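Residues per chain are reported as follows:
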Amino acid sequence: MTHHVIKRLPIDTGVSGWEAISERAFPATALEHDIRADWLIVGGGFAGLSAARRLSQLRPQDKIVLLEAREVAKGPAGRNSGFMIDVPHNLSSGEYSVDDEEATKDEIRQNRLAISFAADVAAEYGLTRETFDPAGKVNAAASDRGLGLNDNYRKSLERIGEEHRVLDADQMREMTGSRYYRGGLYTPGAVMIQPADYIRGLARGLSPKVAIHEHSPVLELSREGRSWKAKAGRGSVSAPKVILGVNGHIQSFGQFRGRLMHIFTYASMTSAFSQNEFGGDVTGADRWALLPADPMGATVRKITTDGRSRIVIRTRFTYDPSLQVSEKRVAGVAAEQRRSFDARFPGLESLPMEYSWAGALCLSRNHVPAFGEVEEGLFSACCENGLGTVKSTLAGMMAADFATGTASPELDKYKNQPEPVRLPPEPIAWLGVNSVIRLQELRAGREG
Ligand SMILES: Cc1cc2nc3c(=O)[nH]c(=O)nc-3n(C[C@H](O)[C@H](O)[C@H](O)COP(=O)(O)OP(=O)(O)OC[C@H]3O[C@@H](n4cnc5c(N)ncnc54)[C@H](O)[C@@H]3O)c2cc1C
């Protein structure tokens, strides 16, 4: 009999600004009883909730239960920068330009499949434009090196026939109000989400069809006869099939051990301000979204609701196999983010950062997901390689298709990927990964 005891539970350090400013419109219910279901999903992020939606479409009569350790939107799904990106965006390569054109076109097709799934969510559950905004995004360059990286990216987009527009320093200044940027590369296919609102909207929309239990961490998972039994909170769920959408925490369920890199990244959000508080057009248009030309630089985004704006800045990556980071680390990175922000918006030194937080990503060395039927009736939709708004949405959809035997050319391609390769043993991996990240961050210079 397989029996997994889950010893490590998610810890999310700092309060996510997205979650703090998002309103929750449905109660959180913990698991209190022993129940039976046709399907159990573990994890209430992009992967778990997307798997739940897809299952509810494929098997409308089945009983589907989802268990989330914390509260929907308090984990990484509600603490990211909200870029749903269609074009290539490989965090662990030095730049975004592409070599293998056919593989890249496949990847874009997959990303767009996930984005269109999310667009259906937005339409069906009535999400506002502020929650799901198909506005596109800009890769912003602040240095010669950044301009060069953008130019390489432009050429590779041109080669694969992807729409894009080059922006000069004046256009960047007009958009952002900042003189910091020297150029940009706009691609129209990205959707900008308010991540906490999107993930809550998805959970609320699903709740008539899917029993979602929050504050219900799965502590044990065992195979009993032809069924799996998960113990959580004061109850348990027995189901013949289980989908794990727990990202890097999949290793606590005894899977993919020694193959997943647990990377943290960090963000800060200013308090709300109105345009006229600082005089002049110091932050430009109401909404804009910038990725760094160098993948190791700073992501910066402005949102405006009812005339009140906020700016969010995300920087830094650290490798933390313990799957947690300290408040002290978050505070240290927040101080660096303050400096990056002030360099971009010198008129806004008095604007406080109201929230600072960290969140976990899961990367594999060969950039593949941790996907498949890992034990009989137990499916994994994990390891999003840093771009989970899209990749985990896709993983959840694909896991539901796979587990229900729903064939498609997309699933054929998706499930035929290799498995994540092994990492070197610790502490070699820790030293190696953190050194490479730090060197790349230093090289990013003004982009960070
Ligand atoms: C600051 C920051 C910025 C980011 N920006 C972007 C971005 O712009 N675009 C993008 O695509 N991605 C971004 N990301 C990454 C993105 O947030 C993740 O890739 C995404 O959340 C992964 O989704 P997921 O559903 O796979 O995992 P998660 O969102 O981590 O969800 C997994 C869930 O499983 C739950 N869980 C774990 N263990 C258990 C258990 N034992 N029992 C029950 N539940 C459990 C967790 O509580 C969690 O809610 C960013 C991340 C951070 C931190």
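About the criteria used
Residues numbered from 1 in each chain as written. Predicted model: local features only at pLDDT ≥ 70, side-chain atom pairs only at ≥ 80, totals over all residues. Heavy atoms only, no water. Helix = DSSP H or I, 4+ residues; strand = E, 2+ residues; numbered from the N terminus. Rg over C-alpha atoms; globule rule 2.2 N^0.38 Å. Buried < 20%, exposed > 50% of the residue type's maximum accessible area, 1.4 Å probe, protein only. Contact = heavy atoms within 4.5 Å. Areas by Shrake-Rupley, 256 points an atom, 1.4 Å probe, with all protein chains shown as cover. Lys, Arg positive; Asp, Glu negative; His and termini not counted. Charge placed at Lys NZ, Arg CZ, Asp CG, Glu CD. Expected span 1.5 Å × (residues − 1). Pairing = 2+ DSSP bridges. Axes fitted to C-alpha atoms, helices over the stretch in contact; angles between N-to-C directions. Core = buried A, V, L, I, M, F, W, Y, C linked by side-chain atoms within 4.5 Å. Near = heavy atom within 4 Å. Polar contact = N/O pair within 3.5 Å; in protein donor to acceptor, adjacent residues only side chain to side chain. Salt bridge = Lys/Arg side-chain N within 4 Å of Asp/Glu carboxyl O. 1 Å grid on protein atoms, 1.4 Å probe; cavity = no way out; pocket = protein on both sides within 12 Å on 5 of 7 lines; lining within 4 Å. Points joined across faces, edges and corners; volume = space filled by probe spheres on them. Nonpolar A, V, L, I, M, F, W, Y, C, P; charged D, E, K, R; others polar.

### Examining the overall build of the protein
And step 1. Along the protein, the regular secondary structure elements total 10 helices and 22 strands.
And step 2. For 448 residues, the compact-globule estimate of 2.2 N^0.38 gives 22 Å, and the protein sits close to it at 21 Å.
And step 3. Considered along the principal axes of its C-alpha atoms, the protein spans approximately 65 × 45 × 40 Å.
And step 4. Buried positions account for 58% of the 448 residues belonging to the protein.
And step 5. Nonlocal contacts in the protein, meaning residues at least 24 apart in sequence, comprise 78% of its contacts between residues at least 6 apart.
And step 6. With the model as given, the accessible surface of the protein reaches about 17900 Å², and the carbon-plus-sulfur share is 51%.
And step 7. Looking at charge distribution, the protein has the averaged site of its 55 positive side-chain charges lying 3 Å from that of its 55 negative ones.

### Brief notes about helix 7 (residues 327–344)
And step 1. A rise of 1.5 Å per residue sets the reference length of helix 7, with its 18 residues, at 26 Å; its end C-alpha atoms lie 26 Å apart and thus fit the reference within 8%.
And step 2. Among the residues making up helix 7, those that are buried are Val 330, Val 333, Ala 334, Gln 337, Arg 338, Ser 340, Phe 341 and Arg 344.
And step 3. Residues of helix 7 that are buried sit in contact with strand 16 (261–270), strand 18 (299–305), strand 19 (308–319) and strand 20 (353–363).

### Some words on the sheet that holds strand 14 (residues 235–239)
And step 1. Strand order in the open sheet formed by five strands is 1-12-13-14-2, with mixed pairing between adjacent strands. Of all strands in the sheet, those bounded by a partner on one side alone are strand 1 (3–5) and strand 2 (34–36). Along the sheet, successive strands turn relative to each other by an average axial angle of 15°, direction set aside.
And step 2. The sheet contact formed by strand 12 (residues 218–224) and strand 13 (residues 227–232) spans six bridges and is antiparallel. Note on strand 13: the bridge partner recorded for Glu 224 is Ser 227.

### Concerning the nonpolar core
Soluble globular proteins tend to pack their nonpolar side chains together in the buried interior.
And step 1. In terms of nonpolar packing, the biggest core is built from 55 residues, with Ile 41, Leu 49, Met 84, Phe 132, Tyr 198, Ile 199 and Ile 243 touching the most fellow members.
And step 2. When residues in this core are grouped by element, the largest group, eight residues, is from helix 8 (residues 388–404).
And step 3. Beyond its immediate chain neighbours, meaning those up to four positions away, Tyr 198 contacts Phe 46, Ala 118, Val 121, Leu 127, Thr 131, Phe 132 and Ile 193.
And step 4. Among the nonpolar cores identified, the runner-up in size contains 26 residues, and Leu 221, Ile 250, Phe 253 and Cys 382 belong to it.

### A few points about helix 2 (residues 46–58)
And step 1. A rise of 1.5 Å per residue sets the reference length of helix 2, with its 13 residues, at 18 Å; its end C-alpha atoms lie 18 Å apart and thus fit the reference within 8%.
And step 2. Judged by how many residues are buried, helix 2 sits mostly within the fold: 10 of 13 residues are covered.
And step 3. Buried residues of helix 2: Phe 46, Ala 47, Gly 48, Leu 49, Ser 50, Ala 51, Ala 52, Arg 53, Leu 55 and Ser 56, and no others.

### Section: the sheet that holds strand 6 (residues 132–133)
And step 1. Strand order in the open sheet made by the three strands is 5-10-6, with antiparallel pairing throughout. Bordering the open sheet on either side are strand 5 (83–84) and strand 6, each of which pairs with just one other strand.
And step 2. Pairing analysis gives two bridges linking strand 6 to strand 10 (residues 191–193), with the strands arranged antiparallel. Note on strand 10: the bridge partner recorded for Phe 132 is Ile 193.

### Section: the site of the ligand
And step 1. As a matter of local geometry, the ligand sits amid 36 residues, with Phe 46, Glu 68, Glu 384, Thr 389 and Ser 392 nearest to it.
And step 2. Measuring from a nitrogen atom of the ligand, one finds a backbone N or O atom of Phe 83 at 2.9 Å.
And step 3. Listing elements by their share of the shell around the ligand, those giving two or more residues are helix 2, strand 20 and helix 8.
And step 4. No other element matches helix 8, which puts three residues into the shell around the ligand.

### Observations regarding the pattern of salt bridges
Two side chains of opposite charge can pair, provided their charged atoms sit close to one another.
And step 1. Across all of its chains, the model carries 33 salt bridges by this definition.
And step 2. Here Arg 129 makes a salt bridge to Asp 133, at a shortest N to O gap of 2.8 Å.
And step 3. Shared partners join several salt bridges into a network, and the residues in it are Asp 151, Arg 154, Lys 155 and Glu 158.

### What about the layout of surface pockets?
And step 1. Roughly 560 Å³ of volume is contained in the second largest pocket.
And step 2. Lining the second largest pocket we find 26 residues, and of these Ile 21, Ser 22, Glu 23, Glu 130 and Asp 197 sit closest to its centre.
And step 3. The set of elements that each furnish at least two residues to the lining of the second largest pocket consists of helix 6 (195–206), strand 18 and strand 19.
And step 4. With four residues, helix 6 is the largest single contributor of residues to the lining of the second largest pocket.
And step 5. Residues that form the lining of the second largest pocket fall into these classes: seven nonpolar, eight polar and 11 charged.

### Here's the deal with the environment of His 215
And step 1. Within the fold, His 215 resides in the loop between strand 11 (210–213) and strand 12.
And step 2. Its relative accessible area of 42% is what places His 215 among the partly exposed residues.
And step 3. The spatial distance from the C-alpha of His 215 to the C-alpha of Pro 425 is 34 Å, given a sequence separation of 210 residues.
And step 4. If near-sequence neighbours (up to four positions away) are discounted, His 215 is found in contact with Ala 28, Ala 30, Glu 68, Ala 69, Arg 70 and Glu 71.
And step 5. Among the polar contacts listed, one links the side chain of His 215 to the side chain of Glu 71, at a separation of 3.0 Å.

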